[in-house]
Amino acid sequence: MSSDEKPAPAPRSLAEALRARDDASLAALLRSRPDLITPVPTDLTQLATRAGTRASVVRALERLDRFALQTAEALAVAGDPATYPELLGLMAGDAGDPAVAAALPRAVATLREQALVWGGDDRLRLVRTARELLAPSPQHPSPTGLGPTVQEATAGMSPGRIQEIVATAGLPSTHDSVSAVASLTALFTDRERMAALLAEVPADSLDVLERLVWGPPYGQVTADPALRLRLLLDRGLLLPTAPGTVVLPREVALHLRAGRAHRAPEPLPPAVEAAATHRPQVVDATAAGQAYTALATVEELLKDWDEGGPSVLRAGGLSVRDLKRTAVALDVAEPVAAFWVELAYAAGLLASDGEADERYAATPAYDEWLDRPPAERWARLAETWLTGTRTPGLVGGRDAKDRTLSALGPGLDRSAAPEVRHRVLTLLAGLPEGAAPSAESVLARLRWERPLRGPQRDQEHDLRGRLAQWTLSEAEQLGVTGRGALSAHGRALLGAPPAPAPAQPVPAQPGLAQPAPAPPTPGRKAPEQEAAPVGRGGPGDKLPVHRHHPSAAVPDPLAAREPLSPAEQATATASAARLLAPLLPEPLDHVLLQADLTAVAPGPLQRPLAETLGVLADVESKGGATVYRFTPASVRRALDAGRTAADLHAFLAEHSRTPVPQPLAYLVDDVARRHGHLRVGAASAYVRCDDDALLNEILADKRSAGLRLRRLAPTLLATQADPATLLEGLRAMGYAPAAESAEGDVLITRADSYRTPPRTAPEPVPEGPPTPDATLLSAAIRAVRAGDLASTAPRKPTADPVAGGELPRTGAAETLATVQAAVLTGEALWIGYVNAEGAASQRVIAPIRVEGGFVTAYDHTADEVRTYPLHRITGVAELADEGS
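Fair warning: this is a prediction, and the values are worked out from it, not measured in the lab.

### Remarks on the overall build of the protein chain
The secondary structure content of the protein chain amounts to 34 helices and 25 strands. Counting only residues that meet the buried cut, the protein chain has 45% of its 884 residues in that class. Sequence separation of 24 or more characterises 67% of the internal contacts of the protein chain that already satisfy a separation of 6 or more.

### Side note on the sheet that holds strand 5 (residues 245–247)
As summarised here, the arrangement of the 3 strands in space is 3-5-4, forming an open sheet in which the pairing is antiparallel. The open sheet terminates on both sides in strands that have one partner only, identified here as strand 3 (218–220) and strand 4 (239–242). The sheet shows a mean angle of 40° between the axes of neighbouring strands, direction not considered. For strand 3 and strand 5, the ladder comprises 3 bridges, and the chain directions are antiparallel. Residue pairing for strand 5: Tyr218 is matched across the bridge by Val247.

### Here we look at the environment of Leu229
For Leu229, the location among the structural elements is in helix 14 (residues 227–234). Excluding anything up to four places from it in sequence, Leu229 contacts Val208, Val221 and Leu238.

### Some remarks on a negative patch on the surface
Together, Asp690, Asp691, Asp692 and Glu697 make up a negatively charged patch on the protein surface. Positionally, Glu697 belongs in helix 31 (residues 692–700).

### Observations regarding the packing of aromatic side chains
One pass over the full model with this rule turns up 3 aromatic pairs. Arranged with centres 4.8 Å apart and planes meeting at 70°, the rings of Tyr833 and Tyr868 form a pair that is edge-to-face. A residue pair is termed long-range when its members are at least 10 positions apart, and Tyr833 in strand 21 (residues 829–834) and Tyr868 in strand 24 (residues 864–869) qualify at 35 residues.

### As for empty space enclosed by the protein
Unoccupied space between atoms shows up once a probe the size of one water molecule is rolled over them. The tally for this structure, following the rule as stated, stands at 3 cavities of 30 Å³ or more. Around the largest cavity, the lining residues are Leu443, Leu446, Arg447, Arg450, Leu452, Asp462, Arg464 and Gly465. Where the lining of the largest cavity is concerned, the elements lending two or more residues are helix 22 (439–449) and helix 23 (463–478). A breakdown of the residues in the lining of the largest cavity according to their chemical character gives 3 nonpolar, 1 polar and 4 charged. Considering the residues around the second largest cavity, the lining is formed by Ser32, Arg33, Pro34, Asp35, Ser56, Arg59, Ala60 and Arg63. In terms of residues, the lining of the second largest cavity owes the most to one element, helix 4 (residues 54–62), which gives 3 residues.

### Here's the deal with the sheet that holds strand 22 (residues 840–851)
Overall, antiparallel pairing links the 5 strands, which are arranged 24-23-22-21-25 in an open sheet. Two strands bound the open sheet, and with one partner strand each, they are strand 24 and strand 25 (873–878). On average, each strand axis in the sheet is tilted by 45° relative to the strand beside it, whichever way the strands run. In this structure, strand 22 lies alongside strand 23 (residues 854–859), joined through 6 bridges in antiparallel fashion. Bridge pairing in strand 23 places Pro847 opposite Ala857. Helix 34 (residues 812–825) rests against strand 21, strand 22, strand 23 and strand 25 of the sheet, and its axis sits at about 65° to strand 22.

### Description of the packing of helix 18 (residues 334–346) against helix 20 (residues 374–387)
In contact at an axis separation of 9 Å, helix 18 and helix 20 are set at 95° when each is read in the N-to-C sense. Taken together, the axes of helix 18 and helix 20 are roughly perpendicular relative to one another. Contact residues: helix 18 offers Phe339, Leu343 and Ala346, while helix 20 offers Leu381, Thr384 and Trp385. Its residues assigned to classes, the contact of helix 18 with helix 20 shows 5 nonpolar, 1 polar and no charged.

Calculation rules
Residues numbered from 1 in each chain as written. Predicted model: local features only at pLDDT ≥ 70, side-chain atom pairs only at ≥ 80, totals over all residues. Heavy atoms only, no water. Helix = DSSP H or I, 4+ residues; strand = E, 2+ residues; numbered from the N terminus. Buried < 20%, exposed > 50% of the residue type's maximum accessible area, 1.4 Å probe, protein only. Contact = heavy atoms within 4.5 Å. Pairing = 2+ DSSP bridges. Axes fitted to C-alpha atoms, helices over the stretch in contact; angles between N-to-C directions. Patch = residues over 30% accessible without salt bridge, like charges linked within 9 Å, V, L, I, M, F, W, Y side chains within 5 Å. Areas by Shrake-Rupley, 256 points an atom, 1.4 Å probe, with all protein chains shown as cover. Salt bridge = Lys/Arg side-chain N within 4 Å of Asp/Glu carboxyl O. Lys, Arg positive; Asp, Glu negative; His and termini not counted. Charge placed at Lys NZ, Arg CZ, Asp CG, Glu CD. Phe/Tyr/Trp six-rings, centres within 6.5 Å; stacked < 30°, edge-to-face > 60°. 1 Å grid on protein atoms, 1.4 Å probe; cavity = no way out; pocket = protein on both sides within 12 Å on 5 of 7 lines; lining within 4 Å. Points joined across faces, edges and corners; volume = space filled by probe spheres on them. Nonpolar A, V, L, I, M, F, W, Y, C, P; charged D, E, K, R; others polar. Parallel < 35°, antiparallel > 145°, perpendicular 65-115°, else oblique.

Everything listed is a geometric property; what it means functionally is a separate question.
If you want it as structure tokens, here you go:
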């Protein structure tokens, strides 16, 4: 700066501080606080006003990390304004703290960037709303544990009592209470004089102060306090605030704390610790196995609902009974069943059918999903889970109205869920390959990054903590992690860089410089990793501890990263599918038939084989190999689906690696021989058979009494029961009837699936306004600066001056004359304008022409040429000349 240049004046308000920012700084503010841009403010004054509203400030405070919040809390108990050295003293104490001193500039910069603090280092000001929220008060104690200042605590005290305290403290009397309070404050803030005063206080009185020093600073006393309390009250070390209540003044507490505003400042985030390490190959294989199980579970769930799933509750969602049945069918616990149901719903694979008797069923999108390769099917589920706001962990809990939250019901969306899942996986991605973190360290890190405030400080309200715990569990079930460690395809799904390799100590040689090791090639381990098995052992191995010098400019791999955009996420999902595909087992085209009427599938089966076998046999057990059992009912089911005995023999011979056992062939032939011998149709219902002796046998059977059959002809029986009831009754008696159509043809009951009409997947519920992109930020900043130019441009004084902030008001004739003159001179004007919706605004325009009741002008506010109806211009004012 040259000698004739004057330094920029200190800002007198937040609006002036914002006006001094460049576009990049404003963009950072709007990106971190997107609520400020919805809608776009007209100028910087409105932006500053909006940034100081209670709702916006609370939202900004909730997104601060612990140290930045502690810094804001310290500013709330400091003077207004405060200097940077004063703030440093409150954070580091009289003895100082290098870690706090190193981290404090970043915290102050964060508060400045988010417009919670403004002013230079010599005049740091916390915005008024933030100070009101964080400053100590009897109703809302400060997290620092500090109480009111001497001036605040003595506000209602009589002048005589104040003079008595001053005299007892050894200070000269004054002529007024203001100077007396100032003298007492000066004493309490002077370290040497305060130490001398406390040296005269007995030990039992000091014990009272020690109990109050870290908060809460309020205590109860009787009408006749004990001597140890009287000594403190006489010297002002305790001050009465209400009958029976005393408080420890802030200045006294800070002296006893050696200047610290917080008992334990936390300038550095807690490290995420590894509980165990595994070989990366084991992690990826385990995660791939879980991914395949996830696909099989979702398929089994929706196959069970093929003919229409459970009914929809009147209030929406799945009943507790139906959730229990689903859990039993899937052989999982109810919370796990709720997770799979919710995941399929969020992916758009199931929905309600919308009928009068509303039920859940698979959607047409489920059939499209089944046609995709397994890796792509998993990728869709994983992306839905990562970006969705549905929170299955809440199922079974209570909402704000004390109603039970049900699976697939309303009230399960939590807008913080995607951000927490992304952050948890990012923390896992910052660990070396194969490292599984301890859940406690992950939760501790998240609580440092987003500490709880106010009434939500208790863990019961720690939604982010519960979301993190659910994320760790759900990621394992879905196959994003394996044995607790992030898999390679999970890392790709996150869009994270390659995992850091465990550091290997290299022995230094005297006199030789140690070159930095080259980064390993992706997909190939570094030579040190191949030579040393550190970090590659079994589950009980511990990770080596890595320490970096505090001054080293090393990027933090665990630093918070913004979630990916939809396009970036699609690319990351495709990459995850490519990495997972080779790890999934290849579907088999064969089974092993056994003589005990079972078939063993040694692995996953190809879809046509699995579907046909699922009709022909019943699943007896699952696991690494699936066991199917053939029964008369299952064979009849295949015959009902239109298969013939010859088809079934050919199918078994084609897909069995072992010869078809004779008992199985006999079973197929026996059921096929009897299948369709009886025909059931609608009369209400009838039984038709060419063998009248068989009909006589049915009539004579006591078990047929409930069907109320009667003979109409030698080959025909009739009943009032419906065909389905008649079919079920005859099959229970051991017969194998077949249903027939009105034309007398056998009805084929294929295992066709019931589907809902086309449904779209539920949209995630965002957490407040979305983060603006670069295009929106650029346009918004341009509009705000143009509006600010219009509102702050100097205007020539008029006979009827305009009150600050109001639109100019001039008559129609004066408006027209002024605009026409501006066209001739090329001068800019300040106008008030009301649009068709009735919204008023101020604009700076350079008129180009006036015709037909319209003025065409270059609008500096919008940075473009526009046309305005003259009747909507409330008035005009000329801008002052520069330097006037």
